[in-house]
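The residues making up each chain are set out below.
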There are 2 protein chains.
Amino acid sequence: MQNRVLTGEVVNKVGETVLICGWIERVRSHGKIAFFDIRDRGGVLQVVAATPETVVSTEALSVQSVVKITGTVKERAERYVNPNIPLGKVEIELTQPVEIISKAEEMPFDMGGTELNLQLPTLLDFRALSLRHQQIAPIFKVQETVIDAFRKALKARDFTEFQAPVIIPQTAEGGSEVFEVKYFEHKAYLAQSPQFYKQILVGVFERVFAVNKTLRAEPSVTTRHLTEVTTLDAEFGFINSWEDVMEMAQYTITEILKAVEDQQKDVLDLYKTTIPKVGNPIPRVKLREAQEIIAQRTGKPISNEPDLSPEDEKEICKWATDEKNSDLVFVTHYPVSKRPFYTFEDPEDPGYTLSFDLIGRGTEWLTGGQRINDYEKLVTAAKGRGIDLEKSELYLQAFRYGMPPEGGFSFGSERIVMHILGLANVREASLFPRDMERIDERLSILAQKK
Amino acid sequence: MQNRVLTGEVVNKVGETVLICGWIERVRSHGKIAFFDIRDRGGVLQVVAATPETVVSTEALSVQSVVKITGTVKERAERYVNPNIPLGKVEIELTQPVEIISKAEEMPFDMGGTELNLQLPTLLDFRALSLRHQQIAPIFKVQETVIDAFRKALKARDFTEFQAPVIIPQTAEGGSEVFEVKYFEHKAYLAQSPQFYKQILVGVFERVFAVNKTLRAEPSVTTRHLTEVTTLDAEFGFINSWEDVMEMAQYTITEILKAVEDQQKDVLDLYKTTIPKVGNPIPRVKLREAQEIIAQRTGKPISNEPDLSPEDEKEICKWATDEKNSDLVFVTHYPVSKRPFYTFEDPEDPGYTLSFDLIGRGTEWLTGGQRINDYEKLVTAAKGRGIDLEKSELYLQAFRYGMPPEGGFSFGSERIVMHILGLANVREASLFPRDMERIDERLSILAQKK
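As the structure is a computational prediction, the values presented were derived from the model and not from experiment.

### Quick word on the overall build of chain A
In terms of regular secondary structure, chain A is built from 13 helices and 20 strands. Along the first, second and third principal axes, the C-alpha atoms of chain A reach 85 × 60 × 40 Å. Taking all 450 residues of chain A together, 50% fall into the buried category. Long-range pairs, those at least 24 residues apart, make up 65% of the contacts in chain A with a sequence separation of at least 6.

### Some remarks on the relation of the copies chain B and chain A
Overlaying chain B with chain A gives an RMSD of 0.0 Å, the required rotation being 180° about an axis along which the chain moves by 0.0 Å. Here the symmetry operator amounts to a two-fold rotation axis. Of every C-alpha in chain B, the one belonging to Val181(B) sits nearest the axis of rotation, 2.3 Å from it. Comparing interface residues between copies, 100% of those in chain B also sit at the interface in chain A, which points to an isologous, same-surface contact.

### Considering the nonpolar core
For soluble globular proteins, nonpolar side chains are generally found buried alongside one another. Core analysis: the biggest nonpolar cluster contains 265 residues, and Val181(A), Val329(A), Val331(A), Val181(B), Val329(B) and Val331(B) have the highest contact counts within it. No other element matches helix H4 (residues 137-156) of chain A, which puts 10 residues into this core. Dropping the residues within four chain positions of it, Val181(B) is found in contact with Phe179(A), Val181(A), Leu190(A), Ile167(B), Ala188(B), Tyr189(B) and Leu190(B).

### Concerning the environment of Lys182(A)
Topologically, Lys182(A) is positioned in strand S9 (residues 180-183). For Lys182(A), a count of 14 C-beta atoms within 10 Å gives the class partly exposed.

### Description of the interface of chain B and chain A
How large an interface is tends to be reported as the accessible area lost when its parts come together. Taken together, the 80 residues of chain B in the interface contact 80 residues of chain A. In the side of chain B that touches chain A, the residues fall into 42 nonpolar, 14 polar and 24 charged. The pairing of S9(A) with strand S9 (residues 180-183) of chain B spans three bridges and is antiparallel. By the bridge assignment, Lys182(A) is partnered in S9(B) with Glu180(B).

### Thoughts on the sheet that holds strand S20 (residues 441-442) of chain A
Residue and element names in this part refer to chain A. Pairing is antiparallel across the open sheet formed by three strands, whose spatial order is S18-S19-S20. Looking at the sheet topology across the chains shown, the edges are occupied by strand S18 (434-435) and S20. By the bridge criterion, two bridges tie S18 to strand S19 (residues 438-439) in an arrangement that is antiparallel. Its bridge partner lying in S19, Asp 435 is registered against Arg 438.

### A short note on helix H12 (residues 413-421) of chain B
Residues and elements named next belong to chain B. Burial runs high along H12: nine of the nine residues are buried. Inspection of H12 places Ser 413, Glu 414, Arg 415, Ile 416, Val 417, Met 418, His 419, Ile 420 and Leu 421 among the buried residues, and these make up the whole buried set. Looking at the packing, one finds that the buried side of H12 touches helix H4 (137-156), strand S12 (228-237), helix H6 (242-263), strand S15 (355-360), strand S16 (363-371) and strand S17 (406-412). Trailing H12 by a residue or two, Gly 422 shows a phi angle of about 70°, which is positive.

### Here's the deal with the sheet that holds strand S13 (residues 284-286) of chain B
All names here are of chain B. Within the open sheet, the eight strands sit side by side as S7-S11-S12-S17-S16-S15-S14-S13. Their pairing is mixed. At either end of the open sheet lies a strand with only one pairing partner, and these are strand S7 (160-161) and S13. Direction of pairing for S7 relative to strand S11 (residues 207-215): parallel, over a ladder of two bridges. Residue Thr 160 lies in a different strand from S11, and its bridge partner there is Val 208. Here helix H9 (residues 310-324) sits on the sheet and contacts strand S14 (328-332), S15 and S16; the angle it forms with S14, its principal contact strand, is near 120°.

### Observations concerning the environment of Asn325(A)
Residues and elements named next belong to chain A. Of note, Asn 325 is situated in the loop between helix H9 (310-324) and strand S14 (328-332). Expressed as a C-alpha distance, the spacing of Asn 325 and Arg 442, which sit 117 residues apart in the sequence, is 44 Å. Ignoring anything within four residues of it in the chain, the contact list for Asn 325 reads Lys 277 and Gly 279.

### Things to note about the environment of Asp110(A)
Within the secondary structure, Asp110(A) sits in the loop between strand S6 (99-102) and helix H2 (120-125). Distance in space between the C-alpha atoms of Asp110(A) and Thr321(A) is 40 Å, their sequence separation being 211 residues.

### Examining unusual backbone geometry
All names here are of chain A. A cis amide bond links Asn 280 with the next residue in sequence, Pro 281, at an omega value of 0°. Notably, Asn 325 is not glycine yet its phi reads approximately 55°, a positive angle. Note on Asn 325: 12 C-beta atoms within 10 Å, which makes it exposed.

### What to know about the pairing of strand S4 (residues 66-75) of chain B
All names here are of chain B. Looking at chain direction, strand S1 (residues 17-29) and S4 are connected through seven bridges and run antiparallel. Its bridge partner being in S4, Ile 20 is matched across the sheet by Ile 69. Of the pairings in the sheet, the one linking S4 to strand S5 (residues 90-94) comprises five bridges and is antiparallel in character. Bridging from a neighbouring strand, Thr 72 pairs with Glu 93 of S5.

### Here's the deal with the packing of H4(B) against H12(B)
Residues and elements named next belong to chain B. Put simply, H4 and H12 touch, their axes get as near as 10 Å, and they point 120° apart. Classified by the angle between their axes, H4 and H12 sit oblique to one another. Handedness of the H4/H12 crossing: right-handed. For the pair H4 and H12, contact is made by Ile 139, Val 142, Gln 143, Val 146 and Ile 147 and by Ser 413, Ile 416, Val 417, Ile 420 and Leu 421, respectively. Residue composition of the contact of H4 with H12, by class: eight nonpolar, two polar and no charged.

### Section: the pairing of S9(B)
Residue and element names in this part refer to chain B. A one-sided burial pattern is seen for S9, the buried positions being Val 181 and Tyr 183 and the unburied ones Glu 180 and Lys 182. Direction of pairing for S9 relative to strand S10 (residues 186-190): antiparallel, over a ladder of four bridges. Along S10, the bridge assignment pairs Glu 180 with Tyr 189. The antiparallel pairing of S9 with S10 creates a hairpin that spans two residues between the two strands, and Phe 184 there sits at a positive phi of about 55°.

### Quick word on the confidence of the model for chain A
Detailed reading of the predicted coordinates is not advisable wherever pLDDT is low. Of the residues in chain A, 98% have a pLDDT of 70 or more, and the chain-wide mean is 95. With a pTM of 0.97, the predicted complex shows an ipTM of 0.96.

### With respect to the packing of H4(A) against helix H6 (residues 242-263) of chain A
Residues and elements named next belong to chain A. It is the contact of H4 with H6, at a shortest axis distance of 8 Å, that shows an interaxial angle of 135°. Comparing the axis directions of H4 and H6 gives the class oblique. Relative to H6, H4 is oriented so that their crossing is right-handed. In contact with Val 142, Thr 145, Val 146, Ala 149, Phe 150, Ala 153 and Leu 154 of H4, H6 contributes Tyr 251, Thr 252, Glu 255, Ile 256, Ala 259, Val 260 and Gln 263.

Conventions used here
- Residues numbered from 1 in each chain as written.
- Chains lettered and ligands numbered in written order.
- Predicted model: local features only at pLDDT ≥ 70, side-chain atom pairs only at ≥ 80, totals over all residues.
- Helix = DSSP H or I, 4+ residues; strand = E, 2+ residues; numbered from the N terminus.
- Buried ≥ 20, exposed ≤ 12 C-beta atoms within 10 Å, placed from the backbone.
- Contact = placed C-beta atoms within 7 Å.
- Least-squares fit on C-alpha atoms with pLDDT ≥ 70 in both.
- Core = buried A, V, L, I, M, F, W, Y, C linked by C-beta atoms within 7 Å.
- Nonpolar A, V, L, I, M, F, W, Y, C, P; charged D, E, K, R; others polar.
- Pairing = 2+ DSSP bridges.
- Axes fitted to C-alpha atoms, helices over the stretch in contact; angles between N-to-C directions.
- Parallel < 35°, antiparallel > 145°, perpendicular 65-115°, else oblique.
- Left-handed = near helix turned anticlockwise from the far one by under 90°.
- pLDDT = per-residue confidence, 0-100.

Written as structure tokens, this is what we have:
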């Protein structure tokens with residue numbers, strides 16, 4: 001809009017008459033005086049109507065309507081200053097009636113409070129509306145920062161960003177939870193990860209990363225699983241050892257957390273949280289050591305499971321916080337059988353892999369490791385798992401024609417945001433979450449509409 | 001690798017002994033002296049073997065093998081300087097035999113020349129290998145720059161980046177060329193564009209953009225179509241008119257081209273091309289005006305088609321170059337029937353839309369326009385096309401609860417790269433192109449392997 005000023009700019013315009021456009025957040029009338037909040041991309045600002053005609057125009061407003069207002073910027077009297085919001089020291093006094101650009105229908109729930117206390121199904125049924133709430137929208141500014149910081153960190157280390165495909169020819173990694181696509185007269189599948197492609201591209205650019213849409217036919221409804229995830233993947237060659245991969249993962253996570261702390265401090269405050277402490281280096285324990293530590297701390301017998309249980313993950317995090325002053329911990333050396341076929345076996349610890357999970361705040365944040373770069377070993381490893389790599393010719397090519405020692409890591413942007421902000425459900429960290437039961441709307445409701 | 005130096009760094013290390021790791025590019029033996037090129041992420045560098053044992057180790061090398069070399073950096077004698085390559089003034093003289101890290105099998109074609117003269121099917125059948133070629137890999141550095149510049153340009157204008165979903169519930173835009181996914185017990189579809197989601201998010205962030213994977217069941221095999229594309233989408237609210245959208249598109253394309261010129265000059269040179277001239281402003285003609293201009297210039301009768309033919313697109317580009325000193329031109333006011341239902345009709349030119357295509361070098365680069373932001377009008381427009389918007393409840397919500405005047409634009413990163421570099425086929429601009437006949441391998445071959 002011509003001559004439009006953003007709410008965030010008014011602090012420098014006290015005494016001036018300005019034109020502001022945005023959405024109505026809350027309306028309060030006290031008879032001769034009325035108030036509303038207006039939201040635009042610059043923030044939320046209080047507006048005062050103090051003349052009969054501006055009060056009338058204010059009382060007629062419906063929440064979420066889009067309006068254009070003209071008024072004078074004023075400093076609030078000291079007793080009216082709201083220290084909890086960035087624009088709490090100023091307000092606009094209307095000089096003209098409010099002009100409605102797009103009138104909103106009546107709200108299905110209260111959008112006006114600082115907290116949006118909705119059950120998850122309602123929050124998602126009304127996603128186009130609930131996303132506008134000042135408690136919800138900032139979650140996705142944090143996601144944006146996480147993804148941006150990921151890119152920036154790896155670009156600084158000479159990585160090339162690439163675009164990984166979504167449609168793949170085979171379920172070559174052997175996973176069963178894969179979506180099938182009708183591809184003309186053929187069957188195709190949706191990528192569960194860009195793993196093969198990022199490895200192929202180590203042969204081209206040495207160091208690559210990608211921001212991907214990955215799709216997994218997750219058949220259970222949990223608080224941690226989505227069918228569609230934005231994953232952040234990195235892979236690089238000419239490593240001296242798998243420790244280089246852990247170091248790169250540590251560097252990347254550290255840069256991401258720093259960026260969130262620097263750029264999203266207000267969101268951290270809103271969610272009453274802080275970024276986790278990151279040890280330098282992040283402590284590293286083998287799975288079996290972790291199981292011993294957990295047994296010692298809890299008094300329970302040592303677990304012989306090939307993985308950590310959710311309780312184990314919480315306990316090893318507590319240990320890292322208590323003993324190593326780090327809220328993040330690397331658990332390494334998962335058994336060969338528990339990791340994908342391309343995972344590098346530790347020659348000094350046969351049966352166990354040079355792989356790691358980064359665990360923080362009680363759950364897995366990131367997973368990575370060194371890969372098999374020798375063609376013959378790779379084919380043997382695949383065969384040993386009953387995987388027919390002949391169906392993934394491009395992947396094989398990359399190793400047949402020269403591949404350095406390499407490794408990489410991967411993590412979901414939604415999970416990281418969930419963990420940083422302490423959200424109860426990963427769905428809250430996805431703009432438009434998809435699960436077994438829902439794609440935007442509940443599938444049962446959509447089916448009825450057909 | 002420990003103490004590893006990148007090829008790009010050796011120019012400052014003349015006289016020093018360095019360790020370099022990379023891929024073998026070409027080997028030439030002249031008996032007592034032998035040469036090879038080594039490639040790493042820093043560039044390509046000539047290596048000389050001048051002692052019996054280093055010559056023997058060089059002669060044993062297979063192209064694309066991964067090696068580790070140790071040698072002394074030397075300035076080349078003046079007559080051996082190669083001005084055509086960045087590292088043409090220096091070379092490495094081996095002080096130790098070459099150490100092989102990963103031996104490549106024999107090449108299926110010559111990878112050693114500066115040009116890779118392969119038919120497209122072979123280029124793609126051996127994509128993991130052909131991507132490594134110095135003529136092919138840089139295409140994707142240009143794609144990276146295009147995408148990066150897109151993000152940077154819009155961030156500078158206060159846009160928020162978001163992650164659009166790939167799996168969607170309905171084919172609500174009414175397109176037939178949509179992929180169907182088996183989604184548990186339901187049917188779902190793959191997104192052909194993030195259109196609905198970016199419009200929804202105008203209600204949340206005002207200004208948004210996304211880098212998307214979009215999927216289209218394109219049933220024809222042409223040089224311009226892929227089934228999977230990385231599209232760049234922007235959408236923003238509070239426009240004064242649709243001209244704001246054209247201005248934003250012009251700004252974005254200008255920034256992208258500038259970035260390619262600044263950062264990828266060597267690739268432009270390699271492809272013997274330059275970025276197109278961009279008028280300021282880019283000339284704008286209504287479709288009907290364009291058809292008149294074309295008729296005048298060609299002497300053919302005025303076309304009454306609702307769109308430009310490929311020949312028309314070439315001719316209007318020539319006109320823009322000749323008459324307006326711009327290789328890009330906006331063609332506007334396509335008929336309502338030729339644009340999606342949400343396109344805004346021009347109140348001053350009924351039957352025609354406030355929409356535009358940006359045309360350059362003979363083909364469409366980008367498409368955009370103003371959208372209907374009024375809820376009732378949107379529903380009426382959808383019904384008029386037989387589109388059941390009831391099945392897209394979130395989309396409707398966004399308009400039911402307050403939406404400012406808004407618009408946006410979209411373009412494919414592969415097409416832009418194709419046009420900038422003058423590639424003959426869009427498949428060359430996709431790392432792993434998908435079409436009716438191919439997902440990595442040819443589908444007919446994959447089917448046989450099953």
